[in-house]
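Given next are the chains, with one letter for each unit.
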Amino acid sequence: MRLGIGVVMVALVLFGAVDGAADLPTVMHEGRPYVELDRVAASMRTRLDATPSSIRAYLRVPGHVVAFTRNLAQVIVDGQAVVLDAPVRVKAGTWLVPETFVSRVLPRVAQAGPPAALPKTAVQTAAGALEELRFRSYPSFTRVVLETSQPVTYRLEQSGAREARVRVVGLRGEPRIEEIRDGLVAEVRAERAGRDLLLRIAFESQPGEVKALALLDPYRLVLDFLRPPDETSRERVQAAPLRTIVLDAGHGGQDLGAVGPSGLTEKDLVLDITRRVAKLVEEQLKIKVLLTRDDDNFVTLRDRTTMANRARADLFVSIHANAHRHAVSGVETYFLSSEATDNAARQVAALENSVIELEAPAPRARPDFVKAILWDLAQSEFQVESSRLAEIVQDSMTQTLRIPNRGVKQAGFYVLGGAAMPAVLVEVGFVTHPQEERRLRDHRYRDEIARAIFAGLVEYKRHWDQRLRALVERGR
């Protein structure tokens, strides 16, 4: 891993004391140039806080913290998300970050002294215009998002049992009302208050903590209103075994999905495989299984994860088949991210998301709206666990089926976006590949696929149970 095929020059000005350039060798990984994070840390006269097996890594210099998460194409710089053009990887025990990290992120932290102190309730930036106001309900919180043309300054002026008020300084926008009625938030009113925009959030029940976060690219203010701990979040705080899995057979009804050369439709294929997986899980794991569809009917993408959220499911697994205009074959597993791993992953997500056009009514289901929602969800607490689930299922699939391994990837799948739990999407093969389509027609091969997915779930449950026992032991 230490053999560099190129060198990237990094100009660093640290703490006002060091002027110079560090030569960082690049290594090729998955067809992209990467740099080793421990070398980056050394060039900045610090150490990388990470181990080969850890989920996260931290780069700390005076006044700044950069947080990395393995397999995610983003980093958190001083609490703000910055998207990378490729995911962070760990290869042979070495943490790797895309080469562009050097030019896009390091200048933010390689500066003299710590950043200027800011009030906890404010982000000091210029005013802009309100471009979108949207919301999403989860079992444990309700999220309200303001997307703006520029960064904004905001203040939480009131947070009580009946109403919260957030003032966005100098933000331009017309008054509007969004009804939510999800049992926690009744409605959100955007009103003019002189030159500012005032958000008034009316509650249907006593709220818990209120969290506010300003994010970049696109600029948006994310407000999370949490339910009190004695309601839904108590189950999350306490260690609990896996109880419910939602299995989602992609497409259905008028949505055929991908179609093979001889007419095999994705919707029929994945429904059959999903039923087989469900039977194995119920009979052998003794875990409750819910199917988003058990026949040839159309279910909207939003309704699939809404069903899982209402059931308080522990896992969401969406099963699909792939398509490509060339003779491509293999299996790949995805988890949610606002940015795709590569162009191929981006195309797969676009194909799966295109079903939104069949949903009615869908006045707001336009591509930019979908992307914006996925940006909001990129901060999901379930991303790391989804990555873990994806890796285990992918390993099981490739080892069992003797099929090309196209890897674990991330992309903006709308069907995963609403899941308040670890969620993955499995592409079991390419129906558009003539030889692979013939295999996928074979019921014995479908049974092999189902058993491979099931084996992955068994292994994931084993890891889950190990961590559960460790939590219980620590709590004694």
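Everything that follows concerns the structure shown earlier in this document.
The rules behind each value
Residues numbered from 1 in each chain as written. Predicted model: local features only at pLDDT ≥ 70, side-chain atom pairs only at ≥ 80, totals over all residues. Heavy atoms only, no water. Helix = DSSP H or I, 4+ residues; strand = E, 2+ residues; numbered from the N terminus. Buried < 20%, exposed > 50% of the residue type's maximum accessible area, 1.4 Å probe, protein only. Contact = heavy atoms within 4.5 Å. Areas by Shrake-Rupley, 256 points an atom, 1.4 Å probe, with all protein chains shown as cover. Pairing = 2+ DSSP bridges. Axes fitted to C-alpha atoms, helices over the stretch in contact; angles between N-to-C directions. Salt bridge = Lys/Arg side-chain N within 4 Å of Asp/Glu carboxyl O. Phe/Tyr/Trp six-rings, centres within 6.5 Å; stacked < 30°, edge-to-face > 60°. Arc of directions from axis to C-beta. Core = buried A, V, L, I, M, F, W, Y, C linked by side-chain atoms within 4.5 Å. Polar contact = N/O pair within 3.5 Å; in protein donor to acceptor, adjacent residues only side chain to side chain.

(A) Expanded view of the overall build of the protein chain. On a plain count of helices and strands, the protein chain comes out with twelve helices and 25 strands. Across the 476 residues of the protein chain, 53% fall into the buried class. Summarising the internal contacts of the protein chain: among those between residues at least 6 apart in sequence, 68% fall at separations of at least 24. By element, 50% of the accessible surface of the protein chain is carried by carbon and sulfur atoms, the whole surface being about 21,200 Å².

(B) A look at the sheet that holds strand β23 (residues 331–336). Here six strands make up an open sheet; going across it, the order is β21-β20-β22-β25-β23-β24 and the pairing mixed. For this open sheet the edge positions go to β21 (288–291) and β24 (405–411), each flanked by a neighbour on one side alone. For this sheet the average axis-to-axis angle between neighbouring strands, irrespective of direction, equals 20°. Sheet strands touched by helix α5 (residues 266–285): β20 (244–249), β21, β22 (315–322) and β25 (423–430). Its angle to β22, the strand with the most contacts, is close to 145°.

(C) Up close: unusual backbone geometry. If you check the backbone angles, E30 has positive phi at about 55° while not being a glycine. Here E30 shows up in the loop between β2 (18–29) and β3 (32–36). In this structure, K286 takes a positive phi of about 55° despite not being glycine. For K286, the location among the structural elements is in the loop between α5 and β21.

(D) Focus on the pattern of salt bridges. Using the criterion set out here, one finds 30 salt bridges in the structure. Among the salt bridges present, the one from R39 reaches E36, with a minimum N-O distance of 3.2 Å. The class for R39 is partly exposed, based on a relative accessible area of 28%. The residue R167 makes a salt bridge to E157 at a minimum N-O spacing of 2.6 Å. Of this pair, R167 sits in strand β14 (residues 163–169) while E157 sits in strand β13 (residues 153–159), placing them ten residues apart in sequence. Relative accessible area serves as the criterion here: at 17%, R167 is assigned to the buried category. With a relative accessible area of 40%, E157 lands in the partly exposed category. Shared partners join several salt bridges into a network, and the residues in it are D272, R276, R446, D447 and R451.

(E) How the structure looks around the pairing of β23. Among the six residues that make up β23, six are buried, leaving the element largely enclosed by the rest of the structure. Both β23 and β24 contribute to a ladder of five bridges, which runs parallel. What sits directly across from L336, in β24, is A411. In terms of strand pairing, β23 meets β25 through three bridges, oriented antiparallel. Its bridge partner lying in β25, T333 is registered against V426.

(F) A look at the packing of aromatic side chains. Applying the stated criterion across every chain, the model contains three aromatic pairs. Between F68 and F101 the ring centres are 5.4 Å apart and the planes differ by 55°, which places this aromatic pair in the tilted class. Of the two residues, F68 sits in strand β6 (residues 64–69) while F101 sits in helix α2 (residues 101–104), which places them 33 residues apart along the sequence. No difference in accessibility class separates F68 from F101, as the two residues are buried.

(G) Up close: the pairing of β14. Counted residue by residue, β14 has five buried out of seven residues, so it is predominantly covered. In this structure, β13 lies alongside β14, joined through six bridges in antiparallel fashion. Residue pairing in the sheet places S159 in a bridge with A164 of β14. As defined by bridge partners, β14 adjoins strand β17 (residues 196–203) across six bridges and the pair is classed as antiparallel. Within β17, the position partnered with V168 by the bridge is L197.

(H) Here's a closer look at helix α11 (residues 434–441). What α11 keeps buried is the set E436, E437 and L440. Along α11, the residues classed as buried sweep out an arc of 105° about the axis, all on the same side.

(I) Examining the sheet that holds β17 more closely. In spatial order, the strands read β13-β14-β17-β16-β15; together these five strands make up an open sheet with antiparallel pairing. Only two strands of the sheet have a single neighbouring strand rather than two, namely β13 and β15 (176–179). Adjacent strand axes in the sheet meet at a mean angle of 15°, parallel and antiparallel pairs treated alike.

(J) Inspection of the nonpolar core at higher detail. With 46 residues, the main nonpolar core has V277, V281, M397, V428, I449, I453 and L457 as its most contacted residues. If you list the elements that add at least two residues to this core, you get β20, α5, β22, β23, α9 (383–401), β25 and α12 (443–475). Residues in contact with I449, not counting those within four places in the same chain, are I273, M397, L401, V428 and L440.

(K) Structural view of the environment of D255. Within the secondary structure layout, D255 lies in the loop between β20 and α5. On the accessibility criterion, D255 (10% relative accessible area) is buried. Linking D255 and V299, residues 44 residues apart in sequence, is a C-alpha distance of 9.3 Å. Within the local environment of D255, its side chain forms a polar contact with the side chain of H251, the two groups lying 2.7 Å apart.

(L) Summary view of the environment of T94. With respect to the secondary-structure elements, T94 resides in strand β10 (residues 94–98). Counting along the chain gives 44 residues from T94 to A50, while the straight-line C-alpha distance between them is 9.7 Å.

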